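# Remarks on the overall topology
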There are 2 protein chains.
Amino acid sequence: MSELTIKDIARLCGVGVSTVSRALNNHPDINPETKSRVLKVIKEYDFVPNNSARNLKRTESDRIAVLIKGIANPLFGGMIKVIEEETQREKYSLELKHVEYNEDEVEVAIEMVKEKRLKGIIFLGGYFLHSEERIHKLTVPYIFSTIGTAVPEHISPALYSSVSVDDRRESYLMTAYLLQQGHRNIAILSAETEINSIGQLRLEGYTQALKEKGIPVNENLIRRVEDDVEHYSMENGYLTTRSLLASGEPFTAIFATADILAVGACRALVEAGVRIPEDVSVTGFDGIDMAEYYNPSITTMKQPVKDMAKTTARLLFDMIAGRKGYEHILFSAELAVRESSGPAKGLGESKQLPAGKKG
Amino acid sequence: MSELTIKDIARLCGVGVSTVSRALNNHPDINPETKSRVLKVIKEYDFVPNNSARNLKRTESDRIAVLIKGIANPLFGGMIKVIEEETQREKYSLELKHVEYNEDEVEVAIEMVKEKRLKGIIFLGGYFLHSEERIHKLTVPYIFSTIGTAVPEHISPALYSSVSVDDRRESYLMTAYLLQQGHRNIAILSAETEINSIGQLRLEGYTQALKEKGIPVNENLIRRVEDDVEHYSMENGYLTTRSLLASGEPFTAIFATADILAVGACRALVEAGVRIPEDVSVTGFDGIDMAEYYNPSITTMKQPVKDMAKTTARLLFDMIAGRKGYEHILFSAELAVRESSGPAKGLGESKQLPAGKKG
C-alpha cells in the first residue's frame, strides 16, 4: 500500500485532493463528518502522507524564493532552516537560488518572478547598489534580509523591507569594548567596503569609536582582505593577518569584521607564536558556532540569527497577504566576551610582537 | 542604455536571441560575419550582458536539480559552487532544493521532475534506503553523489550512478594510522549508523582495523552522538566527548567520523584540561577548512571535494546527453596528518586522564 497517493485517497473518499489535504493538516475549513470519513480511509489503507503529498495542494504560484549570495556562509545554513520551517507552516513552497558574487541578484529575481510566478522574495547576503528604477521592476513583495546585507540608503525606505542589525552601531560597540580594555592599536580586518556594504558600515563603526576617543585612525591598521581569495573566508583572515604581522606595525588587538575571518586570524597568530589574548586580543562579528568552539573561543558580536530569520519569513507572508507594507526591522546584536580577548598589554610590550615564526 | 536586453540587441541586429547568445558566448556555431555584426552593435549600444540575459536561451527543460540533505554541512557549499560553475558552462539552469532529514528525497525528486521537467538530478548528502521500485520512478538521469552518501548496496548498481570515496576503506586507513601511532584505546564518535549510511561504513572500517590488529572492540569506546541534537555538528561532537570523558573509560585517541564532530571534541578536551595531542590524539574525516584552521590543526582524511563535484556534474551531463550510462566512480581520500595527533602515551599515563574540569 506504500504506493497509494493522496489522489487515490481522494478518489476513495469521493472528495477532492484539497479536502484530504485539509483533513491531514487539521485545517479548520473542513466539514467534521467529511474529515472523519477521510481520516478513516487513511487509517484503513494505512496511508502514510509524506511531505510531498501533503503539499500537493500547493500550486506553482504559492512559491517564495530565497536568493543567497555566499552559500558557504555558515550563518545562512541556520537561517535557511528557520525560513523553511516557517514556509512549510504557511504552506508555501520554497525555492533556494544561489547567486554568484558577480551576478545581479535583482536581475535574477526579476527573471524568476516571470518564470515561476513567485509570491515573494528574500535576499540573503550581498550588498545593494540597485537603482530605484530597477527595484520597481520587482512586482512582488521582497525583503533585503538580515545577515550580510546593508540597508540600501540610496533607495527610498518606502520601496523595500529590511531585517538586519545596525552594523555600524554594533561595530562601534565592539571597538568601544576593545578601547575599554585599554587597546589603542586596534587592527581591523575589513572586507567588501563598497558603498552601503556591511563591510563599509562595520569599518565606519570602528573609525567612529576611535575618533570619539580621540585616537587617530592609523591607515596601516586597516587591513583589507585579499581580493583574489574568497572575501569572507578563514583563508583570507589567515592571509591578511600574516601580512599584518609581516608589516611590523604594532598592534594589541585585531577586530575581524566576521567570525570566519577571526578564525583565520587566530590561526595566523598561533602559528607566529603570538599568544591570544595575552599578546593580542581577537574579536569577531556574527556569532557563528565556529567562534564558540574555537580554541580559544572567540569574542564576538552575536546576531540573533534565528529570530531574524523567523521575522523575515513572517514579514514576507504578511506583505504577501497585504497585512503589512514595507517595514524596516532592526535587531540588536549581543556582545559575547570569550577567551580570545582581554586587557591590552603595556605599550612597550606590544612592540615586542614576533613577526611570525613561519615564513 | 542599461535597460537594453538581449532581445533588443537581437532586434537591432535582425537576428534571433540565440544568435546573440552564441556571439556573446563565443560559440563556434555562428557565422563569423554575423558574429562581428552582433558584437559591433553590442559595443555601439554599450550593452552589458548579465548572466540572466546570457541565459535567456535556456528553457525550463534545460534544468537540473541538486537535492541537498544537510545544507549547513560545510562540505556542500564548496561542492555546490563547483557544480554551478560546470552547470553554467553547459548552459543548464540549476535548481537547489534543501531536503529535510526526515523527508524522502526520492519522493521529492519525483515530484520535481513532474513539476519542472528536470533533465537530471544530483543527490547530495543523506543515505539511501529507497527500493528499486521507487528508484524506477525517477525518469531522468540521477547521481547519488559524493560526500555524505553511501553507495546503496541493496539496489542494483545498474540502476544508478554514484560518485564517492570508499568510506569503509578510508575509515579503516585512519584507524590503522592511529594504531600505528601506538594507540590501543581509540574512541570513535559515530553518527547516523543506519544501514548503508556513511556513518555505518565508517564505523565498519574502524572495527575492521581493530580486529585485524587483534584488538577487541570495546563497545564503551563506540560513542554514538546525541540523537536530539543535529547529528553532524560541533555541538554534538562536544557533548558526545563530554559524556565520553565523564564515563571514565580510558582512551588515548578519538576518531571523530566527521571533522565537524572533531572540532567539538577538541573543544571539550581543551575545556577539560586534556592536552591535544600529548594526552589524547584527535582525528577527523572529510577535510573541511575548519579542521585546517583549528588550534591545533586537526588530522583528517581529506576528500577531494572539488574533483568529486566536477566529476559528478560532468557525469550527469554525459548521462543526459546519452554519452554515458550509469557509472560508479570512487575517489581516494588523502590522510592529512596535522597537529592534533601523535604517538600514544604509555598505557599507565592514559589512565590518569582528568575526568573533565568543567561540570
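Below is a summary of the structure that appears in this document. On a predicted model such as this, the values are computed, not experimentally measured, just so you know.

Quick look at the packing of aromatic side chains now. Scanning all chains against the criterion turns up 15 aromatic pairs over all chains. Aromatic side chains Phe-144 of chain A and Tyr-160 of chain A sit 5.7 Å apart centroid to centroid with 35° between the ring planes, which places their arrangement in the tilted category. Of the two residues, Phe-144 of chain A sits in strand β4 (residues 142-145) while Tyr-160 of chain A sits in the loop between β4 and β5 (161-165), which places them 16 residues apart along the sequence. Each member of the pair Phe-144 of chain A and Tyr-160 of chain A is classed as buried. Aromatic pair Tyr-142 of chain B and Phe-144 of chain B: ring centres 5.8 Å apart, planes at 50°, arrangement tilted. These aromatic residues form a ring-pair network of at least three members: Phe-123, Tyr-142, Phe-144, Tyr-160 and Tyr-326 of chain A.

Time to look at the pairing of strand β8 (residues 253-256) of chain B. Residues and elements named next belong to chain B. Neither face of β8 is left uncovered, since the one carrying Ala-253 and Phe-255 and the one carrying Ile-254 and Ala-256 both have all their residues buried. Alignment of strand β6 (residues 186-190) against β8, held across 4 bridges, turns out to be parallel. Across the sheet, residue Ala-187 finds its bridge partner in β8, namely Ile-254. Relative to strand β9 (residues 281-283), β8 is paired through 3 bridges, and the arrangement is parallel. From the neighbouring strand, Ala-253 faces β9, where its bridge partner is Ser-281. Handedness of the β-α-β unit built from β8, helix α11 (residues 259-271) and β9 comes out right-handed.

The subject of this paragraph is the pairing of strand β1 (residues 63-69) of chain B. Residues and elements named next belong to chain B. For β1, the buried fraction is high: 7 of the 7 residues fall into the buried class. Pairing between β1 and strand β3 (residues 120-124): 5 bridges, direction parallel. Its bridge partner being in β3, Ala-65 is matched across the sheet by Ile-121.

The next point concerns the sheet that holds β9 of chain B. All names here are of chain B. Within the open sheet, the 4 strands sit side by side as β7-β6-β8-β9. Their pairing is parallel. Two strands close off the open sheet at either side, each with one partner strand: β7 (222-224) and β9. Taken pair by pair, the neighbouring strands of this sheet meet at an average axis angle of 20°, ignoring direction. Note that β6 and β7 share 3 bridges and pair parallel. Residue Leu-189 lies in a different strand from β7, and its bridge partner there is Arg-223. Sitting on the sheet, helix α8 (residues 167-180) touches β6, β8 and β9, and the angle it makes with β8 is about 170°. Each of β6, β7 and β8 touches helix α10 (residues 234-247); the most contacted strand, β7, lies at about 135° to it.

This paragraph deals with the relation of the copies chain A and chain B. Superposition of chain A onto chain B requires a rotation of 180° combined with a translation of 0.1 Å along the rotation axis, giving an RMSD of 0.3 Å. These values place the two chain copies in the arrangement generated by a two-fold rotation axis. The overlap is high: 98% of the interface residues of chain A also sit at the interface in chain B, so the same surface is used on both sides.

Right, let's talk about the sheet that holds strand β9 (residues 281-283) of chain A for a bit. Residue and element names in this part refer to chain A. With parallel pairing, 4 strands are arranged side by side in an open sheet as β7-β6-β8-β9. Either end of the sheet is taken by a strand with one partner, and the two such strands are β7 (222-224) and β9. Across the sheet, the mean angle separating the axes of adjacent strands is 20° when strand polarity is ignored. Where helix α8 (residues 167-180) meets the sheet, it contacts β6 (186-190), β8 (253-256) and β9, and its direction lies at approximately 170° from that of β8. Most of the contacts of helix α10 (residues 234-247) go to β7, to which it runs at about 135°, and overall it touches β6, β7 and β8.

Procedures and definitions
Residues numbered from 1 in each chain as written. Chains lettered and ligands numbered in written order. Predicted model: local features only at pLDDT ≥ 70, side-chain atom pairs only at ≥ 80, totals over all residues. Heavy atoms only, no water. Phe/Tyr/Trp six-rings, centres within 6.5 Å; stacked < 30°, edge-to-face > 60°. Helix = DSSP H or I, 4+ residues; strand = E, 2+ residues; numbered from the N terminus. Buried < 20%, exposed > 50% of the residue type's maximum accessible area, 1.4 Å probe, protein only. Pairing = 2+ DSSP bridges. Right-handed = clockwise from strand over helix to strand, strands pointing away. Axes fitted to C-alpha atoms, helices over the stretch in contact; angles between N-to-C directions. Contact = heavy atoms within 4.5 Å. Least-squares fit on C-alpha atoms with pLDDT ≥ 70 in both.

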